[in-house]
Amino acid sequence: MAKMASVLDEYCLSAIGKSVAQAYLRKLRDDDMERVRHWWLRKLNGRECVPPASAAPAQRGCPELLEGLRAAPVWWRGAAEGDAAPPEELAWLRDVEARVPEMRAELLALRGQRGFQPYRSPKAGGDRGDDLGKKSTDAGDWNVYYLELHNMDFAENRARCPVTCDVPRRYGHAFFSANAPKTHITAHNGPTAKKLRCHLPLVCPADPPGACRLRVADEFVSLAEGRAVVFDDSFNHEAWNDHASAGRIVLIFDVWHPDLSPKEVKLLSFLQTAAMKRDKRICDAQGVDADNFYAVIDKARAATPDAASIWA
């Protein structure tokens, strides 16, 4: 109990918040809490950042892996599978794809409005960057239009895109991703295996074939307009738009891993929101010129990207 109280203290929860968390944690013995039970026991023993020994080599760069979750680089290749049905746990994709014309209309209505910003993250030693932070490309330009990100305030952006924001099991991370011609997003791992990532191309040149593509672990996936691709971004991955003159804009959104039960999602979501609020307070105290996640996003938000790098 002392260990549990100590770990909950790390989330800076109020007394009521701790009571809510403890109510969730009392259910850890339930059969549908098995994945979170293993995760929580690792946290109690100070080992939450140690990947399981069975992790695939391409997944070991991810700082948070959970036992008991299926781990596959690519879950659904909408472009390659044609009209074949997605797996049962991703059946909702058909409804999402059916709304592509409306989503594309919402995206195109953003032309000429503010909201897109250069993609940046905090710098690390030796990383390529600029005054806005670290770049994640070694060629071309990458701009984003955030809809949801780390509990930050992007409500105005979401209000412009109500159809686009209507997806199931939302993890709380969604954005339009615009890659200018001849752009390469360098290889990286996502921060956690608790989720899957969906790429839904809304503006994507068809020729030459394979110009817009992803690599996830050892698998390559070509992107096609209106066809969703779902992958586990805890695996090492990278992306290209090799087209000489046409840009590519993809809706990217994360969903909770389908192996997690509703009760597990509720607990993880509650603790995740608490952690983000704690981190935001810490980062805000460091000032606007600090090189932390929230300061970098806010600085990039004030930038005005070249329209040609978005709408090429």
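Calculation rules
- Residues numbered from 1 in each chain as written.
- Predicted model: local features only at pLDDT ≥ 70, side-chain atom pairs only at ≥ 80, totals over all residues.
- Heavy atoms only, no water.
- Axes fitted to C-alpha atoms, helices over the stretch in contact; angles between N-to-C directions.
- Helix = DSSP H or I, 4+ residues; strand = E, 2+ residues; numbered from the N terminus.
- Parallel < 35°, antiparallel > 145°, perpendicular 65-115°, else oblique.
- Contact = heavy atoms within 4.5 Å.
- Nonpolar A, V, L, I, M, F, W, Y, C, P; charged D, E, K, R; others polar.
- 1 Å grid on protein atoms, 1.4 Å probe; cavity = no way out; pocket = protein on both sides within 12 Å on 5 of 7 lines; lining within 4 Å.
- Points joined across faces, edges and corners; volume = space filled by probe spheres on them.
- Pairing = 2+ DSSP bridges.
- Buried < 20%, exposed > 50% of the residue type's maximum accessible area, 1.4 Å probe, protein only.
- Arc of directions from axis to C-beta.
- Polar contact = N/O pair within 3.5 Å; in protein donor to acceptor, adjacent residues only side chain to side chain.
- Left-handed = near helix turned anticlockwise from the far one by under 90°.
- Disulfide = S-S within 2.5 Å.

Going by what an unreviewed UniProt entry lists, the protein is known as Aspartyl/asparaginy/proline hydroxylase domain-containing protein and is assigned to Aureococcus anophagefferens.

Asker: It is not clear to me how the packing of helix 1 (residues 2-10) against helix 3 (residues 34-44) should be interpreted in this structure. Could you clarify?
Answerer: Each pair of packed helices can be summarised by the angle the axes make with each other and by the distance between the axes. Close contact between helix 1 and helix 3 brings their axes to 9 Å; oriented N to C, the two are set at 90°. One element, helix 1, and the other, helix 3, form an angle in the roughly perpendicular class. On helix 3, the residues touching Lys3, Met4, Val7 and Leu8 of helix 1 are Trp40, Lys43 and Leu44. When grouped by side-chain class, the residues that make up the contact of helix 1 with helix 3 number 5 nonpolar, no polar and 2 charged.

Asker: Sorry if this is basic, but what is going on with the layout of surface pockets here?
Answerer: Empty space left among the atoms is revealed by rolling a probe the size of a water molecule over them. Size it by volume and the second largest pocket reaches roughly 270 Å³. Lining the second largest pocket are Met1, Met4, Gln22, Leu25, Arg26, Leu28, Arg29, Arg37, Trp40, Leu41 and Leu44. For the lining of the second largest pocket, the elements supplying multiple residues, two or more each, are helix 2 (15-25) and helix 3. Top element by residues in the lining of the second largest pocket is helix 3. It accounts for 4 residues.

Asker: Honestly, the sheet that holds strand 7 (residues 170-179) in this entry has me stumped. Any pointers?
Answerer: In a beta sheet, neighbouring strands are held together by backbone hydrogen bonds and run either parallel or antiparallel to one another. Spatial ordering of the open sheet is given by 1-12-9-14-7-6-2, a layout of 7 strands whose pairing is antiparallel. The two strands at the open ends of the sheet, each matched to only one other strand, are strand 1 (74-77) and strand 2 (117-118). Here strand 9 (residues 195-203) pairs with strand 12 (residues 229-231) via 3 bridges, running antiparallel. When the bridges of strand 12 are listed, Arg197 appears paired with Phe231.

Asker: Can you help me understand helix 1 in this one?
Answerer: Three or four residues apart is the spacing at which side chains of an α-helix point the same way, because the helix has 3.6 residues per turn. When helix 1 is considered as a whole, its buried residues turn out to be Met4, Val7 and Leu8. Buried residues of helix 1 fall within an arc of 100° about the axis and therefore sit on the same side. Tucked inside the fold, the buried residues of helix 1 contact helix 2, helix 3 and helix 8 (262-285). Of the residues trailing helix 1, Cys12 is marked for its positive phi of about 55°.

Asker: So what exactly am I meant to see when it comes to empty space enclosed by the protein here?
Answerer: As enumerated under the stated definition, the model contains 1 cavity of 30 Å³ or more in all. When its volume is computed, the largest cavity comes out at roughly 40 Å³. Residue lining of the largest cavity: Leu147, Glu148, Thr164, Cys165, Val167, Arg170, Ala174, Leu251 and Phe253, and that is the complete set. Those elements giving two or more residues to the lining of the largest cavity turn out to be strand 6 (142-148), strand 7 and strand 14 (248-256). Class assignment for the residues of the lining of the largest cavity results in 6 nonpolar, 1 polar and 2 charged.

Asker: Teacher, can you tell me more about the environment of Arg197 here?
Answerer: Considering the arrangement of structural elements, one finds Arg197 in strand 9. Judged by relative accessible area, Arg197 falls into the buried class, the value being 10%. When the C-alpha atoms of Arg197 and His257 are compared, they prove to be 9.2 Å apart, with 60 residues separating the residues in sequence. Excluding its chain neighbours within four sequence positions, the residues that come into contact with Arg197 are His173, Phe175, Val229, Val230, Phe231, Asp233, Ile252, Phe253 and Asp254. A polar side-chain atom of Arg197 sits 3.2 Å from a polar atom in the side chain of His173.

Asker: I'm lost on the packing of helix 2 against helix 8 in this one. Help?
Answerer: In the contact formed by helix 2 and helix 8, the axes pass within 10 Å of each other and the chain directions differ by 155°. With respect to each other, helix 2 and helix 8 are oriented roughly antiparallel. Relative to helix 8, the crossing made by helix 2 is left-handed. Contacts from Gly17, Val20, Ala21, Tyr24 and Leu25 of helix 2 reach helix 8 at Lys266, Leu267, Phe270 and Leu271. When its residues are assigned to classes, the contact of helix 2 with helix 8 shows 7 nonpolar, 1 polar and 1 charged.

Asker: Hey, could you run me through the side chain of Asn179 in this one?
Answerer: On the secondary structure map, Asn179 appears in strand 7. Asn179 sits in the buried class, given a relative accessible area of 1%. When near neighbours in sequence (up to four residues on either side) are disregarded, Asn179 contacts Asp141, Trp142, Ile185, Asn241, Gly247, Arg248 and Ser309.

Asker: Just checking my understanding: could you explain the state of the cysteines for this structure?
Answerer: Each disulfide consists of one covalent bond between the sulfur atoms belonging to two cysteines. For the structure on display, the rule yields 0 disulfides. Distance from the sulfur of Cys12, which forms no disulfide, to the nearest cysteine sulfur (Cys283) is 12 Å. What makes Cys12 partly exposed here is its relative accessible area of 46%. Its sulfur unpaired, Cys212 is 3.9 Å from the next cysteine sulfur, which belongs to Cys204. By relative accessible area, which is 2% here, Cys212 ends up buried.

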